[in-house]
Structures are given as C-alpha cells and as structure tokens.
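A look at the structure
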Amino acid sequence: MLAVVMIAAIGVGALGAVLLWATLTDTRTVLVARDTIVRGSVITAEDLTETQVGADVALDLIGAGARADVVGRRAAWDVAAGATLTAGVVTEELVPPSGMSVLGIVLPPPVAPGLTLLPGDQVRAVVTAADGGGEQTPTFHEAEVVAVNPPAPDGQTVVDVLVSHEEAITLAAEAAAGKVTLVLDSRELDEATSPSDDGAEPSASPSASSTTGEG
C-alpha cells in the first residue's frame, strides 16, 4: 500500500511539474513603457522595453515584434512607466490636429438623437435663436463627431465635435447659450451634395437627428 501511495505521489508531482513548465513556456513577449510616455510625444526606442506575459492574456497587447512599427509614431494617450502597450496607443495624427479644436456639446435627454451618433459622423452645428423666435435663417458650423460620452447621472450626454480653430470660440459661446442644434444629414460617403456656405437652412428630413445644446 505504501508503495502505491508513493507512486501516486510521484505521479502527481510529475504532473504538477509538467503543468508548471507549460505555464512558464506558454508566454509571449510584449512591449512595455520603460518610462512614462506622454500623450502626443514621439515614441523612441529608449522609451520601450519588453516583458513576458501569459499567452492567454485577454488584453490586445503589442508584441515585441512590432517594435519597429511603434518607434517614431506618436502616443495617442499617456502610458505609465511599466505599463504594457496596447493596440491603439500609437497614432499618426493626434486629435485635435493642428488648426482644429475639440468642443463638447451637451445634449439634454428630451432632445437627444434617436439615431446614435458615431465617431467620424459629419454633422452641422446649427445656430438657432435660444427662444425659438426670430425670422433670421439659421447659420451653421461644419463639424465631425470625435466621441459620444456615456450619459451622465442626470441623463445629459456630451458629444465631442471637431471644428476649426477659428470657429471653436464662437461655437462654444453659442452652445453655452443653448443655441446649438446638431444635425446629421447622411452617412453616405459619396453623397453628391454637401452643406453649402453659412446661411443654408438645415434639412428637416426624417434621416436628420437634431439636438439642442440647452442645458
């Protein structure tokens, strides 16, 4: 009986050793920030080091073999020292790029669009009278949706839009006064017609999503 127990123990120990070896060898090498990489900075070879992680790690980590694809590109966000680099951390162009600005427009629940806005959507930020009165034709600013933030506890949603640097201050003041409505006309990339100069009346078609900036 003792011999049987000893054989069983040896078998369990051997199995444990095999499993441990498999765990240690089933790894991959990924890139790690040697020091803090500041958002917007160009990533250099000195910024990077490597580490081993389990092959089954769920994060979309950048492998050491992609080092050449990372060096020389800009960091899309801050990477703390010792943190692994994940897909999307490198970018060719920062947002906002030079000459452009990002502006957040608040959308209260009663006027939130039924059609969810998506990053990349081309919209018009239409400027209207705060009280709905007046006979002047609304003007607008062309913009691009950068991000749609999760609704706040009060139900308000902030949509970040990309506008020209010159228009950002004017549009920010108009949005703060509750005079801005976002209009999405079409997502067709090959649309024959495009928004004309300021002064054009916004479309009221069923495909348009309108939201006010009134808080």
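Our structure is the block above this text.
Reading the values: the criteria
- The written sequence of each chain sets the order in which its residues are numbered from 1.
- Restriction of local features to residues with pLDDT of at least 70 applies here, the model being predicted, together with a cutoff of 80 or more for giving and counting side-chain atom pairs; totals for whole chains, interfaces and linings are based on all residues.
- Based on all heavy atoms of the structure, the side-chain values leave hydrogens and waters out of the count.
- Segments assigned H or I by DSSP are reported as helices when at least four residues long, segments assigned E as strands when at least two residues long, and all are numbered from the N terminus.
- Each residue is assigned to one of three classes by its accessible area relative to the maximum for its type, calculated with a 1.4 Å probe on protein chains only: buried under 20%, partly exposed between the two thresholds, exposed over 50%.
- Here, two residues are considered to be in contact whenever any of their heavy atoms come within 4.5 Å of each other.
- All accessibility values rest on the Shrake-Rupley procedure with a 1.4 Å probe; residue burial counts only the protein chains present in the view.
- For this document, the term salt bridge refers to a Lys or Arg side-chain nitrogen within 4 Å of an Asp or Glu carboxyl oxygen.
- Between the first and last residue of a helix there are one fewer steps than residues, each counted as 1.5 Å, and that sum is the expected span.
- Here a Phe, Tyr or Trp ring, Trp counted by its six-membered ring, pairs with any other such ring whose centre lies within 6.5 Å, and the pair is stacked when the planes are under 30 degrees apart, edge-to-face when over 60, and tilted otherwise.
- Only lysine NZ and arginine CZ atoms are considered, and such an atom sits over a ring when it is within 6 Å of the ring centre and within 35 degrees of the ring normal.
- Polar contact is defined as a pair of N or O atoms within 3.5 Å, subject to the rule that within protein one atom must be able to donate a hydrogen and the other to accept it, and that residues adjacent in sequence are counted only when both atoms are side-chain atoms.
- The criterion is simple. A nonpolar core is a set of buried Ala, Val, Leu, Ile, Met, Phe, Trp, Tyr and Cys residues joined through side-chain atoms within 4.5 Å.
- The pairing criterion is simple: DSSP has to find at least two bridges between the two strands.

**Observations regarding the overall build of the protein chain**
Across its full length, the protein chain carries three helices and ten strands. Reading the protein chain from its N terminus to its C terminus gives the helix and strand order α-β-β-α-β-β-β-β-β-β-α-β-β. Put simply, the protein chain has 215 residues, and 27% of those count as buried. Counted over contacts in the protein chain with a minimum sequence separation of 6, partners at least 24 positions apart contribute 66%. Just so you have it, the protein chain exposes about 12,900 Å², and 59% of that area is on carbon and sulfur atoms.

**Section: the pattern of salt bridges**
If you walk through the whole model with that rule in mind, you get one salt bridge. Of the charged contacts, one joins Glu50 and Arg67 as a salt bridge, the two residues approaching to 3.2 Å between their closest N and O atoms. Residue Glu50 is found in strand E2 (residues 48-54), and its partner Arg67 is found in helix H2 (residues 67-70); the two are separated by 17 residues along the sequence. For Arg67, a relative accessible area of 24% gives the class partly exposed.

**Overview of helix H3 (residues 165-176)**
Here H3 spans 17 Å end to end across twelve residues, near enough to the 16 Å set by a 1.5 Å rise per residue. Elements in contact with the buried residues of H3: strand E5 (100-107), strand E6 (122-127), strand E7 (139-148), strand E8 (157-164) and strand E9 (180-184). Looking one or two places after H3, you find Gly178, whose phi comes out positive at around 75 degrees.

**Examining the packing of aromatic side chains**
A complete count under the given rule lists zero aromatic pairs for this structure. One residue, Arg124, lies across the ring of Phe140, its end atom 5.1 Å from the ring centre.

**Some remarks on the environment of Gly82**
As for its position among the elements, Gly82 is in the loop between strand E3 (74-75) and strand E4 (90-91). The exposure class of Gly82 is exposed, given its relative accessible area of 51%. Considering only alpha carbons, one finds Gly82 and Ala33, 49 residues apart in sequence, at a separation of 5.2 Å. Setting aside its immediate chain neighbours within four residues, Gly82 contacts Val32 and Ala33.

**With respect to the side chain of Ser101**
Structurally, Ser101 is set in strand E5. The buried category is assigned to Ser101, whose relative accessible area is 15%. Side-chain polar atoms of Ser101 contact the side chain of His165, separated by 3.4 Å. Excluding its chain neighbours within four sequence positions, the residues that come into contact with Ser101 are Pro96, Val161, Leu162, Val163, Ser164, His165 and Ala168.

**A few points about the side chain of Glu174**
Position of Glu174 relative to the elements: it lies in helix H3. Within the structure, Glu174 has its side chain in polar contact with the side chain of His141 (distance 3.0 Å). If sequence neighbours within four positions are ignored, Glu174 has contacts with Val127, His141, Lys179 and Val180.

**Here we look at the nonpolar core**
In summary, soluble globular proteins display a tendency toward joint burial of nonpolar side chains. In terms of nonpolar packing, the biggest core is built from 17 residues, with Ile105, Leu117, Val123, Val159, Val161 and Leu182 touching the most fellow members. Contributions of two or more residues to this core are made by E5, E6, E7, E8, H3 and E9. Apart from residues lying up to four places away in sequence, Val123 is in contact with Leu117, His141, Glu142, Ala143, Val145, Leu182, Val183 and Leu184.

**A few points about the pairing of E7**
Here E6 runs beside E7; their pairing, made up of six bridges, is antiparallel. If you follow Ala125 over to E7, its bridge partner there is His141. In the sheet, E7 pairs with E8 via four bridges, with the strands oriented antiparallel. Looking at the pairing, Val148 lines up with Val159 of E8.

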